[in-house]
Each structure stands twice: as C-alpha cells, then as structure tokens.
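Chain by chain, the residues run as shown.
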Amino acid sequence: MAEKKPADTVTQTYTMGYSEEFQKLLRRRSAEISAAHLLPHLEPGLRVLDFGCGPGTISMGLAKAVEPGELHGIDMEGSQIEIAQTAASAGRHDNTVFLKGDIASLPYQDDYFDVAHCHAVLMHVPDTQAVLTEVQRVLKPGGRISSREMIGASSFLEPEPEDLGNAWEAFRKLIQLNGGHPEMGKELKRALVEAGFQDIEASASFELYSTAEDIEFYHAFASDWFFSTQTVAALTKGSLASQEQVERWHTLLDQWKDEPGACAAIGWGEAMGRKP
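The structure displayed is predicted, hence computed values, not measured ones.

A.B. asks: Run through unusual backbone geometry, naming residues and quoting values.
C.D. replies: Most peptide bonds take the trans form, and the phi angle of most residues other than glycine is negative. A cis amide bond links Glu-67 with the next residue in sequence, Pro-68, at an omega value of 5 degrees. Relative to the helices and strands, Pro-68 resides in the loop between helix H3 (59–66) and strand E2 (70–75). Residue Asp-111 is not a glycine yet carries a positive backbone phi of 55 degrees. Relative to the helices and strands, Asp-111 resides in the loop between strand E3 (96–100) and strand E4 (113–119). Positive phi values are uncommon outside glycine, yet Asp-199 reaches one of about 50 degrees. In this structure, Asp-199 sits in strand E6 (residues 198–209). Judged by relative accessible area, Asp-199 falls into the exposed class, the value being 55%.

A.B. asks: So what's going on with the environment of Val-97? Which residues, and what values?
C.D. replies: With respect to the secondary-structure elements, Val-97 resides in strand E3. Taking relative accessible area as the criterion, Val-97 reaches 36% and is therefore assigned partly exposed. C-alpha separation for the pair Val-97 and His-72, spaced 25 residues apart in sequence, amounts to 4.8 Å.

A.B. asks: So, the environment of His-41: which residues are in play, and what are the values?
C.D. replies: With respect to the secondary-structure elements, His-41 resides in the loop between helix H2 (31–34) and strand E1 (47–51). Polar contacts involving the side chain of His-41 include one to the side chain of Arg-144, which spans 3.4 Å.

A.B. asks: Which residues make up the environment of Ala-241, and what values do they have?
C.D. replies: Relative to the helices and strands, Ala-241 is located in the loop between helix H9 (229–237) and helix H10 (243–257). Ala-241 gets classed as buried once you look at its relative accessible area, which sits at 8%. Residues Ala-241 and Ala-170 lie 71 residues apart in sequence; the distance between their C-alpha atoms is 7.0 Å. Setting aside anything within four residues of it in sequence, one finds Ala-241 in contact with Leu-235, Thr-236, Val-246 and Trp-249.

A.B. asks: Talk me through the packing of helix H8 (residues 212–226) against H10; I want residue IDs and the actual numbers.
C.D. replies: For the pair H8 and H10, the least separation of the axes is 10 Å and the interaxial angle reads 170 degrees. Here H8 lies roughly antiparallel to H10, going by the angle between them. Of the residues in H10, those touching H8 at Ile-215, Tyr-218, His-219, Ala-222, Ser-223 and Phe-226 are Trp-249, His-250, Leu-253, Asp-254, Trp-256 and Lys-257. Along the lines of polarity and charge, the residues of the contact of H8 with H10 split into seven nonpolar, three polar and two charged.

A.B. asks: How would you summarise the nonpolar core if you had to cite specific residues and measurements?
C.D. replies: With 61 residues, the main nonpolar core has Leu-49, Phe-51 and Trp-249 as its most contacted residues. Filtering out sequence-adjacent residues up to four positions away, Phe-51 remains in contact with Ile-74, Ile-103, Ala-116, His-117, Cys-118, Val-121, Leu-122, Val-131 and Val-135. In this structure, Ala-35, Leu-71, Ala-88 and Val-115 belong to the second largest nonpolar core, which totals 19 residues.

Conventions used here
Residues numbered from 1 in each chain as written. Predicted model: local features only at pLDDT ≥ 70, side-chain atom pairs only at ≥ 80, totals over all residues. Heavy atoms only, no water. Helix = DSSP H or I, 4+ residues; strand = E, 2+ residues; numbered from the N terminus. Buried < 20%, exposed > 50% of the residue type's maximum accessible area, 1.4 Å probe, protein only. Polar contact = N/O pair within 3.5 Å; in protein donor to acceptor, adjacent residues only side chain to side chain. Contact = heavy atoms within 4.5 Å. Axes fitted to C-alpha atoms, helices over the stretch in contact; angles between N-to-C directions. Parallel < 35°, antiparallel > 145°, perpendicular 65-115°, else oblique. Nonpolar A, V, L, I, M, F, W, Y, C, P; charged D, E, K, R; others polar. Core = buried A, V, L, I, M, F, W, Y, C linked by side-chain atoms within 4.5 Å.

By themselves, these figures tell us nothing about what the structure is for.
Structure below.
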C-alpha cells in the first residue's frame, strides 16, 4: 500500500443507511451466495480488493478463497469497518486488512491488486465512471473486476397486492434521488465497457425469498426498514409517497405475508471484466 492518489471525493447519501435492520439483511449475504460468479476465478495467493465492503460478510469468503493471499476491504463508514475487523479476528482470517476510505480515491499504488470486487456498491455511487477509473488504476494489467448490482425493475413480490408495486417504484426513485442507479445490474456491462475494461462476462440471478422463514424475514425487514420513521421521512420529503400511501402499503405487505403462495425476489446483474 503506497501514497494516496489525489482525487475528487464522491459525495453521496447512502440510501440504505446503517441501521440494525439493514445489518440483519447484510448478515444473510456470503461469498458463496453473493459472489458465486467470481469464486471459480479465485485461487490461493491472489491479492483482492473488496471496495465498499460494508461489514465484511462477503469479504470473509473471498479471503478464504485466496489464502495465503490478501484481502483488503475498504468502506466509507467506520462502524462497518469495525464490524468487519471483529469478524475477521473471530474467524481467524489473518490475511485481511480493513480500512475506512473513499473508493473514489483509493489509498493504494497503481497495479496493486489481482482482483477488485464489489456488491451493491456501484448502484449507490453518483459518479460510477470515476470509481471504475480509480479501481482500474489499482488493478494489475490483466486484473479482474467483478460487480453484482440490483436490477430494481426485475425485483418483485408474488402475488403482488394492488398498489404495492408502487412501493418498489418509490424505493427505486429514492435511490435515484440520492444520486444512485437502481437498474445498475443491467447496466453493468455497458459501464465496464465505457470504463475501458475488456473480456466482459455478464450474467444475472435472483435472490429468492420463498420458504416460510424467508417470508417472515422479508416481511420483518421491510416493516422495520422501509416503513421506518427515517425511510418514510425520506419518501415524504422527496414527494415520492404520502403518509397515507405508506400506511396503505404497510397494510398490504401484512396481507401479502399470509398468502399461501407468497414469495419475493431481488433481481441482480453480475459482470466481470479485465484491465487491458
């Protein structure tokens, strides 16, 4: 790790926040599930960057896959770095380094990493190309970038109660209001091409909630996060929904939970490319 390269800082509002409700969702993610497209391309000895690593739930699996290589995780939120460091220590992942930093101004020298990975990060970054340019800088020639991002329009609840689809639309607009890109999952290939990456491989997958336990979790998460005072305030302040609409959506979600055929899914797009 070398001197920090000067760059403009990307200012953003992170739509998801850092509440305990959202942390519960993050704890369901792992490299085996959320980076399944990347794992076959990892091998011992590689040096990996997990940018926007959050609490490190995916990072741990990446670190294990490249032992005795290194996993470096970076995130703008100090509380998430503390959680990742604690998890790494508990899991004896001695090949990990986690630090607080700006992914638009990475504190690494040129050509430092073999692989750069992110999950649900580019969808929240206002200037996607600025971040991809910076990631390309720290990758070695031939180094691989991998990203998995949400496809908001392909996410759903089934059966979809009347008007509840508008809640999904309000969520997507909230991400946009904060400078993000709720359809980044299907835009990934184009974004990597525009950033100058080559040999791009694109794929897609669903994060499905179907079992009774899954439905219970999804309902609890939506109730505690989407219908939280903070999120509702953001929706109403941005003129994305009225208080009456939000209350109606919450009632419909409660009804959906009890449907025998209830299921839900989040659509994800994945893409990998190489630095020339």
